Amino acid sequence: MVKEKPDSIRTYDQDGYRRRAACLCFKDSSEQEILLVTSSRYRDRWVVPGGGIEPEEETKIAASREAREEAGVLGQLGRHLGNFENEDKKHRTSVFTFVVTDLLDEWEDSKSMGRKREWFPLCEARERLLHKPVQVTYLELLKDRPLVT
């Protein structure tokens, strides 16, 4: 199953790549534990919450919305880690850090598709994301950046 909302409109950049936004959702500002969600397609695989940017939607707003919809979290959007290209899928994802302040008991994707979430230490999260090499690069980039204060 592929998650696609009936009323969603995909947006594309000038090169024809689908525009996406994602959040690395951390338990706190130390950025040592990250929240991953189960894939909408493969229930036994974990992914970083993210998805398409709606028309006229700011990238930051889209990233926070995706964290709420896919992981059921509210929090504080942090720094922009960069834009990541997936040549195979023809999309570019703008990735932000995000410190979780609230975990919702129920959220959109838990109700509609049974999506699960779980906290992982960064080293274990990296292993869980090996099937998504572009998402592994998000975590690799954290090594070279200062922590959120």
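For the structure itself, consult the block above.
*Asks:* Requested: an account of the overall build of the chain, with residues and values cited.
*Replies:* Counting its secondary structure elements, the chain contains four helices and seven strands. The secondary structure elements of the chain, listed N-terminal to C-terminal, are β-β-β-β-α-β-β-α-β-α-α. Looking at the chain as a whole, 44% of its 149 residues are labelled buried. Pairs at least 24 residues apart make up 69% of the contacts formed inside the chain by residues separated by at least 6 positions. Accessible area for the chain stands at about 8100 Å²; split by element, carbon and sulfur atoms hold 49% of it.

*Asks:* Describe the nonpolar core, with residues and values.
*Replies:* Core analysis: the largest hydrophobic core is formed by 17 residues, its most contacted members being Leu24, Leu36, Val48, Val95 and Leu139. Breaking this core down by element, the ones donating at least two residues are strand 1 (18-26), strand 2 (33-38), strand 5 (73-86) and helix 4 (133-142). If near-sequence neighbours (up to four positions away) are discounted, Val95 is found in contact with Ala22, Leu24, Arg79, His80, Leu81, Gly82, Phe84 and Tyr138. One finds Ala21, Val37, Ala71 and Val100 within the second-largest nonpolar core, a separate group that totals 16 residues.

*Asks:* Outline the pattern of salt bridges, listing residues and values.
*Replies:* In this structure the tally under the stated criterion is 14 salt bridges. In this structure, the salt-bridge partner of Glu66 is Arg65, at a minimum N-O distance of 2.9 Å. The pair Glu66 / Arg65 is uniform in exposure class, with both members buried. Note that Lys90 is salt-bridged to Glu87, the shortest N-O span being 3.9 Å. Owing to a relative accessible area of 36%, Lys90 belongs among the partly exposed residues under this scheme. Three or more residues are tied together by salt bridges with common partners; here these are Asp13, Asp15, Glu85 and Arg92.

*Asks:* Lay out helix 1 (residues 59-71) with the relevant residues and their values.
*Replies:* Along an α-helix, residues three or four apart share an orientation, since each turn contains 3.6 residues. The end-to-end C-alpha separation of helix 1 is 18 Å, in line with the 18 Å expected for 13 residues at 1.5 Å each. Listed as buried for helix 1 are Ala62, Ala63, Arg65, Glu66, Ala67, Glu69, Glu70 and Ala71. Remark: Gly72 follows helix 1 within two positions and exhibits a positive phi of approximately 65 degrees.

*Asks:* Break down the side chain of Ser39 for me, citing the residues and quoting the values.
*Replies:* When you line up the elements, Ser39 lands in the loop between strand 2 and strand 3 (46-47). Its relative accessible area of 9% is what places Ser39 among the buried residues. A polar atom in the side chain of Ser39 sits 3.1 Å from the backbone nitrogen of Tyr42. When sequence neighbours within four positions are dropped, the list of residues in contact with Ser39 reads Arg45, Val47 and Arg115.

*Asks:* Quick rundown of unusual backbone geometry? Include the residues and the values.
*Replies:* Despite not being glycine, Glu31 has its phi angle at roughly 55 degrees, a positive value. Locating Glu31 in the fold gives a position in the loop between strand 1 and strand 2. At Lys90, a residue that is not glycine, the phi angle is positive and equals roughly 55 degrees. Topologically, Lys90 is positioned in the loop between strand 5 and strand 6 (91-103).

Rules used throughout
Residues numbered from 1 in each chain as written. Predicted model: local features only at pLDDT ≥ 70, side-chain atom pairs only at ≥ 80, totals over all residues. Heavy atoms only, no water. Helix = DSSP H or I, 4+ residues; strand = E, 2+ residues; numbered from the N terminus. Buried < 20%, exposed > 50% of the residue type's maximum accessible area, 1.4 Å probe, protein only. Contact = heavy atoms within 4.5 Å. Areas by Shrake-Rupley, 256 points an atom, 1.4 Å probe, with all protein chains shown as cover. Core = buried A, V, L, I, M, F, W, Y, C linked by side-chain atoms within 4.5 Å. Salt bridge = Lys/Arg side-chain N within 4 Å of Asp/Glu carboxyl O. Expected span 1.5 Å × (residues − 1). Polar contact = N/O pair within 3.5 Å; in protein donor to acceptor, adjacent residues only side chain to side chain.

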